[in-house]
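Read off the chains here:
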Number of protein chains: 2
Amino acid sequence: MEYSFSNRISGLQPSIIREILKASEGKGIIPFSAGNPAAETFPVEAIRSFTQAILEKDPVAALQYGLSEGYTPLRQVIRQRFAASMGPERESDSLFVVSGAQQGIELACKVLCNEGDTIICESPSFIGALNSFRSLGARLAGVPMEEDGLNLEALEHALKTEPNVKMLYLIPSFQNPTGITTSLEKRKAIYALAKEYGVMILEDNPYGELRFRGEDLPTLKSMDEDGLVIYVGSFSKILSAGLRVGFVLAPNAIMNKMVVAKQGEDVHTAMLPQLLAYKFLTEYDYDGHISLIRDVYRRKSGLMLDSIKKHFNPAITYTVPEGGLFLWCTLPKEISMIDYCKKAAAQGVAVVPGNAFLIREDEPCNAFRLNYSTPSDEQIKQGIEILAQVQ
Amino acid sequence: MEYSFSNRISGLQPSIIREILKASEGKGIIPFSAGNPAAETFPVEAIRSFTQAILEKDPVAALQYGLSEGYTPLRQVIRQRFAASMGPERESDSLFVVSGAQQGIELACKVLCNEGDTIICESPSFIGALNSFRSLGARLAGVPMEEDGLNLEALEHALKTEPNVKMLYLIPSFQNPTGITTSLEKRKAIYALAKEYGVMILEDNPYGELRFRGEDLPTLKSMDEDGLVIYVGSFSKILSAGLRVGFVLAPNAIMNKMVVAKQGEDVHTAMLPQLLAYKFLTEYDYDGHISLIRDVYRRKSGLMLDSIKKHFNPAITYTVPEGGLFLWCTLPKEISMIDYCKKAAAQGVAVVPGNAFLIREDEPCNAFRLNYSTPSDEQIKQGIEILAQVQ
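All values reported here derive from a predicted model rather than from experimental measurement.

Rules and cut-offs
Residues numbered from 1 in each chain as written. Chains lettered and ligands numbered in written order. Predicted model: local features only at pLDDT ≥ 70, side-chain atom pairs only at ≥ 80, totals over all residues. Heavy atoms only, no water. Helix = DSSP H or I, 4+ residues; strand = E, 2+ residues; numbered from the N terminus. Contact = heavy atoms within 4.5 Å. Domains from an automatic or database assignment. Buried area = accessible area lost by both parts, 1.4 Å probe. Salt bridge = Lys/Arg side-chain N within 4 Å of Asp/Glu carboxyl O. Polar contact = N/O pair within 3.5 Å; in protein donor to acceptor, adjacent residues only side chain to side chain. Nonpolar A, V, L, I, M, F, W, Y, C, P; charged D, E, K, R; others polar. Buried < 20%, exposed > 50% of the residue type's maximum accessible area, 1.4 Å probe, protein only. Lys, Arg positive; Asp, Glu negative; His and termini not counted. Least-squares fit on C-alpha atoms with pLDDT ≥ 70 in both. Pairing = 2+ DSSP bridges.

**Some remarks on the environment of Lys300(B)**
Residue and element names in this part refer to chain B.
Part 1 of the argument: Within the fold, lysine 300 resides in helix 13 (residues 286–311).
Part 2 of the argument: Distance from lysine 300 to serine 373, taken between C-alpha atoms, is 6.8 Å for residues 73 residues apart in sequence.
Part 3 of the argument: When near neighbours in sequence (up to four residues on either side) are disregarded, lysine 300 contacts Glu40, Tyr372, Ser373, Pro375, Ser376, Asp377 and Ile380.

This is the structure:
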C-alpha cells in the first residue's frame, strides 16, 4: 500500500530539534537543550496524599467520563486564583480546561483559521505551537523579536500585507525560546494594532507565574475590553508537566466552538489530573509553592548567567530573562551556529540551534537556546565552561 | 468584535443528542441515553494502591514530560496483551498511546484526509467520530447497516462513486449505536473491497473485550497483510473512562505522521494514567477483571432484553447485542420517533433519537438507542415498562 497523506501533514517533518535532541539523549550529556520544568519543584508529597483522598472520597468523579468543558469546580477556582494575571472577570468570557496549553493553542487555530489563512508569530517562537499551526494547514508569517518584544513596524507591515491574517500568536512573558518579556508599552501597542486590524490575539502564558526578577506586567487578556484575546495558561510548570492540565480563557462564542472541537479530539481532559489541580489550588499553599519555584529558577538562571559572564567570549551576546526557563545566545557572525551546536554536542553539551524556532528553518540564524531548569547546578557550571571552549 | 470561524468548524453545531441529553440530566431521570461504562466495574481499589506505588517509586516518570509515542513499557505490554484481538505482531506496524480512542480517530483523519475528501461510515455510526471528521472538514458518506454489518453492494457503490475516498470508518464489534457485530464473512468482504479500491480502514474497537455472548471474531487488523488498517483501542471500558488512555496500531509510516500530529495536540498523553494502565496490565488479574465486566453487561443486557420482550409493542423491533453497551430499537412507521423520545423524556426516561447518529441528522429515521451499562438493574426494569406505555 502506498500511503498518501493530507497536504497539511505531508510537509510536517520531525524537526531538526528532535534530531539534535535524540543525539544528545545519551547518559552524561548536559541537557541545556531541554524544556522540562525542574522536577524537584513538583509537589510530590501533596500529589500523593491528594490522590489518595480523591480515590477514597470520590473515585467515580476521577474515573468516569466528565464534561468536555472540564471539571466545573476547577474551572471556577482557576478563574479566581489567576485573577491577577487574567484580569477582572467578564461576563463575555468563559474559562475551560484543556489537556495542556498545547491543546488550547491547537484548538484556537482549528476554530479560527482555514487552511492557507495567516497566523502572525514572533520569530523565533515556540516550536510546538508553530508545528501545531502547520498541522492544520495555516500559513505562518514571522515578525522579528527585539529585546522588548515584537518589532512594531514589522508587525504593522505584516498586518497590512499578509493575506487573510486571522491570529497573532504571542508569548509576552519570558518567551520560549528567547526569554524576552514584551514591555508594557509594546503590549499596549500590539493590542491596539490587533484591534485596528480586527485580528485575534492568542496569548500563550505558560511561564507567567515564574517571574524571579522585576515587576509583573499586565497580560494582554487583562486589557481585553474588546474580546480580542484568547488566553492560554498551564499547570505544567507549577504542578506537573506530565499531568497535562491547562486552561483557556476566551470570549464565549469562541470558547463554545473550541469545546466542540475539543470533544472531537479527546472528549475531555483526564479527570484525575483535573481533580488534583483542583486540590492543589484549594488545599495547598499555592503562593508558597510559587515562591519556592521562583527561588529555584532565580538561582539556576543566576548561576548560568554568572558563568556565561565569566567564561564566554564577550562577542557572544545573550538575553537576561526575568522569569521562565530559557535564555538565548547569539554568536558572532564569523562562527557557524550549526557547527558550534554540533561541536558542543560532541563535547557533551546539548543546546538547541536557533533556526529550529524560526518560521522557516532555512532562514539565516546565529543563535541557540539554553535551558537552565533541567540541568543540575553542577551541570550548569560545567556545561557553560565547556561551551566557552567550543570554537 | 465579530468572530469569523473556520469553515470546518462553522457548520459544526452542538448535536441534537446533546440537547436531549441536557434535558434529561435532571435527578430521577432514567439514563438509557448515556454511553458511560458501568462505574461499578472500575477497579478502584487497585487504582488506589497502584497510584500510591507509582508516586512512591517513580514520581518523576508520572509527573514530568514524557514521549509523544507514549510510555515505552506500556506500548510493549499493550501489544502483547492484546495480541488475541490485534493479531500477530508485524514489523510493519507500530503501536502508540493516545488520549482515548477519540484522539486516535481524529488523528487518523488529520493525517489522511484533506478537507473535502470522503470518509465512508456505517450509517448510523458513533457521533463522536462523525463530529471529529467534520471538525477537520472531511466529507462523510454513509452506508446502511444491516443486521450483520454494512450493506456490501452499497459499500462498493460508495467506493466507486464517492469523490476522493480516503478512509472507511468501522466499529465491527458491538457497534455504537446499534449493538450490531459485523459477521466474519462481511469482515473479509469489506477488507477485500478496501484493498481493491486502495482505501484505508479505520477500525474502532472500544468494546472488543466486552463480548458476553457468542464467539470472538477476528478483527480486520488481524487480517491486515497489506497495511490497510489503522486499529484503535481503549481502556475506557475496562479500566476507567476518565483516565483517557487509548492506543493505535498502525502501519509505521502512518504511525509516524500521527505521532507528529499528536505532539501538536497535547504533546503526550498524561503520564500518571499511562503508568496506571501499565500496572493494571502487568500486576492485576486482567482476565478475571474482563470476565467480571462481561458478567455485569450480560446481566444488564439480559434484563433489558427480557423486559423489552415482555412489555414492548411487538411492532417495535430491536437488535440483540453480543457485547458492548447498546441496543437499537426501531419503531413502526406510524409512530413519530422524535415525538416518542420527547414523550419518554417527559415521563422520566431518556433515550437518544437515532437520527443523531446519521450522517445527516435530517434523514428519515425511526429508531432510538438504549444503553444498559449506566442504569441500575431496577432502573432498567422500570424504564422499559415506562417506555412500553409511551404512544
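**Details of the domain arrangement of chain A**
All names here are of chain A.
Part 1 of the argument: One can read the domain layout of chain A as domain 1 (15–42 + 288–389) and domain 2 (46–283).
Part 2 of the argument: Each of domain 1 and domain 2 has a C-alpha centre, and the two are 25 Å apart.
Part 3 of the argument: Between domain 1 and domain 2, the residue contacts involve 29 residues of the former and 30 residues of the latter.
Part 4 of the argument: Here domain 1 packs against domain 2, burying approximately 2600 Å² in sum over the two surfaces, 63% of which is carbon and sulfur.
Part 5 of the argument: Between arginine 211 and glutamate 322 there is a salt bridge; the shortest N-O distance is 2.7 Å.
Part 6 of the argument: At the surface where domain 1 touches domain 2, the tally comes to 14 residue pairs in polar contact (both at pLDDT 80 or more).
Part 7 of the argument: Elements represented by at least two residues in the side of domain 1 that touches domain 2 include exactly helix 13 (286–311) and strand 11 (326–330).
Part 8 of the argument: Among the elements that line the side of domain 1 that touches domain 2, the one with the most residues is helix 13, at nine residues.
Part 9 of the argument: Within the side of domain 1 that touches domain 2, the residues separate by chemical class into 18 nonpolar, seven polar and four charged.

**Some points on unusual backbone geometry**
Part 1 of the argument: The step from Ser123(A) to Pro124(A) runs through a cis peptide bond, and the omega angle for that step is 5°.
Part 2 of the argument: Looking at the element boundaries, Pro124(A) is found in the loop between strand 3 (118–123) and helix 8 (127–134).
Part 3 of the argument: The backbone of Val267(A) sits at a positive phi, close to 65°, despite the residue not being glycine.
Part 4 of the argument: Mapped onto the secondary structure, Val267(A) falls in the loop between helix 11 (252–266) and helix 12 (271–283).
Part 5 of the argument: A positive phi angle, close to 45°, is found at Asn164(B), a residue other than glycine.
Part 6 of the argument: As for its placement among the helices and strands, Asn164(B) is situated in the loop between helix 9 (152–161) and strand 6 (165–170).

**Focus: the side chain of Asp204(A)**
Residues and elements named next belong to chain A.
Part 1 of the argument: By the secondary structure assignment, aspartate 204 is in strand 7 (residues 200–204).
Part 2 of the argument: For the buried aspartate 204, which has no salt bridge, the nearest side chain bearing the opposite charge is lysine 237, at an N-O separation of 7.9 Å.
Part 3 of the argument: A polar contact of 2.5 Å, which involves the side chain of aspartate 204, links it to the side chain of tyrosine 169.
Part 4 of the argument: Other than its neighbours up to four places away in sequence, aspartate 204 contacts Ala101, Ile105, Phe126, Tyr169, Leu170, Ile171, Pro172 and Val232.

**Digging into the relation of the copies chain B and chain A**
Part 1 of the argument: Mapping chain B onto chain A leaves a residual RMSD of 0.0 Å; the transformation is a rotation of 180° accompanied by 0.0 Å of translation along its axis. The relationship between the two copies is best expressed as a two-fold rotation axis.

**Examining the sheet that holds strand 5 (residues 149–150) of chain B**
Residues and elements named next belong to chain B.
Part 1 of the argument: Read across the open sheet, the eight strands follow the order 2-9-8-7-6-3-4-5; overall the sheet is mixed. Whereas interior strands pair on both sides, the edge strands pair on one side only; in this sheet they are strand 2 (93–98) and strand 5.
Part 2 of the argument: With four bridges connecting them, strand 6 and strand 7 (residues 200–204) associate as parallel partners. If you follow methionine 167 over to strand 7, its bridge partner there is methionine 200.

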